[in-house]
Amino acid sequence: MSVADVREAITRAHDEEWARVVAALTRRFGDLDIAEEAVAEAFATAVQRWAADGVPPNPGAWLTTTANRKAIDRIRRENKLDDKQREAQLLYDDDPPEPLGAIEDERLRLIFTCCHPALAMETRVALTLRMVGGLTVPEIARALLVQETAVGQRITRAKAKIKAARIPYRVPSAEDLPARVSGVLAVLFLVFNEGYLATGPDTDPVRHDLTAEAIRLTRLIRALMPQDGEVAGLLALMLLTEARRTARVSAAGELVTLVEQDRGTWDAALIAEGHRLVRERLAARVAPGRYQILAAINAVHTSARDVRDTDWSQIVALYDQLVRIDPSPIVALNRAIAVAELDGPEVALAAVDRLEHKLAGYHAYHVTRADLLRRLGRSQSSRAAYDKAIELAGNTAETAYLTRRRDQLQ
Amino acid sequence: MQYLVSVIDATAGLATPDEMAAIDVFNDRLQAEGHWVFAGGLGAPISATVIDNRGEEAIFTDGPFVESKEYLAGFWVMEAPDLDVALKLAAEGSKACNRKVEVRPFL
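Fair warning: this is a prediction, and the values are worked out from it, not measured in the lab.

Rules and cut-offs
Residues numbered from 1 in each chain as written. Chains lettered and ligands numbered in written order. Predicted model: local features only at pLDDT ≥ 70, side-chain atom pairs only at ≥ 80, totals over all residues. Domains from an automatic or database assignment. Helix = DSSP H or I, 4+ residues; strand = E, 2+ residues; numbered from the N terminus. Expected span 1.5 Å × (residues − 1). Buried ≥ 20, exposed ≤ 12 C-beta atoms within 10 Å, placed from the backbone. Pairing = 2+ DSSP bridges. Axes fitted to C-alpha atoms, helices over the stretch in contact; angles between N-to-C directions. Parallel < 35°, antiparallel > 145°, perpendicular 65-115°, else oblique. Left-handed = near helix turned anticlockwise from the far one by under 90°. Contact = placed C-beta atoms within 7 Å. Nonpolar A, V, L, I, M, F, W, Y, C, P; charged D, E, K, R; others polar. pLDDT = per-residue confidence, 0-100.

## Some details on the domain arrangement of chain A
Right, on to step 1. Assigned domains within chain A: domain 1 (3–89), domain 2 (104–171), domain 3 (181–193 + 204–295) and domain 4 (340–410).
Right, on to step 2. For domain 2 of chain A versus domain 4 of chain A, the separation of C-alpha centres amounts to 38 Å.

## Observations regarding helix α2 (residues 83–97) of chain B
Residues and elements named next belong to chain B.
Right, on to step 1. Taking 1.5 Å of rise per residue, 15 residues should cover 21 Å, and α2 covers 20 Å from first to last C-alpha, within 8% of that figure.
Right, on to step 2. Within α2, burial applies to L83, D84, A86, L89, A90, G93, A96 and C97.
Right, on to step 3. Just beyond α2, the residue with positive phi is N98, at close to 60°.

## Describing the pairing of strand β4 (residues 59–62) of chain B
Right, on to step 1. Alignment of strand β3 (residues 49–52) of chain B against β4(B), held across 4 bridges, turns out to be antiparallel. Each bridged residue has a counterpart across the sheet, and for V50(B) the counterpart in β4(B) is T61(B).

## Describing the packing of helix α15 (residues 329–343) of chain A against helix α18 (residues 363–375) of chain A
Residues and elements named next belong to chain A.
Right, on to step 1. One way to put it is that α15 packs onto α18 with a least axis distance of 11 Å and a crossing angle of 15°. The pairing of α15 with α18 is recorded here as roughly parallel in orientation. Relative to α18, α15 is oriented so that their crossing is left-handed. Residues L333, A336, I337 and A340 of α15 form the contact with α18, whose participating residues are A364, Y365, T368 and L372.
Right, on to step 2. Of the residues that constitute the contact of α15 with α18, the class distribution is 7 nonpolar, 1 polar and no charged.

## Here's the deal with the confidence of the model for chain B
Residue and element names in this part refer to chain B.
Right, on to step 1. Across chain B, the average pLDDT comes to 93, with 99% of residues at or above 70.
Right, on to step 2. For chain B, per-element mean pLDDT is lowest for β4, which scores 93, and highest for strand β6 (residues 100–105), which scores 97.
Right, on to step 3. The ipTM, which scores confidence in the relative placement of chains, is 0.87 for this predicted complex, and the corresponding pTM is 0.82.

See below:
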């Protein structure tokens, strides 16, 4: 077996088995820290052993057995504590499995624990990427643009809090499930968005590593909770957004707006998959949540082969629906962008200007105003708005695009 | 497992009769459902005295050990199997006493 074959087998096992093995060990030993360390060691052992002995017929089972052995070794090593004390340190887990459709997957417990509302959002992101995604601490530090030591501390503190405060290792009850699922989806959407409009001055404008990881984890949750409309909605939203990734930045490194993108370069397979999910949710005839509505809006965009074929009235209608469940100024801003196409820039500008007191510090507010003012021929006001937008934008490709637009004003 | 639910106040006011009534209803429920361990309201921070007897003789200092706008106004000690249950109870406690609360596990 070649080195490349072994490497590929390790990568595949890592993608498919990491979360499963961490979850199984957490359940068995009642301790996230023991599980994480043992699974990492098992993968390190696999790198050596599989190269020498060949890839085992069932890599998942091999990894689980090896990780179990590593965990038991560690517990024996640390067996200075008496059994009673050790038992008290174990994660709380004595409830019967919650019936969740036909599926009871250990990985769901892991995901809900990592995304527990008692943990800070940034901690949930780091912990989920580590425990569920299997990213190393240096990888997470690079992904989140923070110091490795800070990521390490965040994860260590989270594990300590989970243990000390007894954050339960279980799938929430049916009554709490919608709110808790929405907490998990918020973590994944945050990872995706940071990838899609990266904010670092030295990073690529679109971070495919992050968008791909967010999609991979959302696919996993979709497989575990196939009945959940919002999970399907978020996956569709990510796929329909990711499909446009390559068209989004020009060869010169500028952001390309949806209207100006070369639609021929969009990923047809991702669009087809996204559209299938949106149709599935429409057929369910259940009132959609925000991710499903956002996915539907993106389905309308990606259905138009030419931007002139875009059904703007449907997009505005979907935004109206979204405003009813999420009356935030950012939704109102995006609605106004669609209104500009339907009723003209003047109507849209009036709507945008009403948001000033809430969005004056948000770069997209100034980007939208700058564009509307430009279309209305109000160059001087447009230039001022571009200046403000450039000052606030964090994405390098967006700054390049806005600068060119501003400098093209008459 | 026991949790300390601290009541955080910044208003320097005592509970109103309506708040007291709601707290009583909540306390009855805690007792009926087996979550009750102990609870109490505290005097204002100006009534506190700090004592340091680590040296040769005890030193008494007038006032609370930290001066801050927000202070501990009272607390519950609750019995709960895990943090999810404790958080739910604490949320109801916050509603009942009409103040922010903080949940911390006992060791």
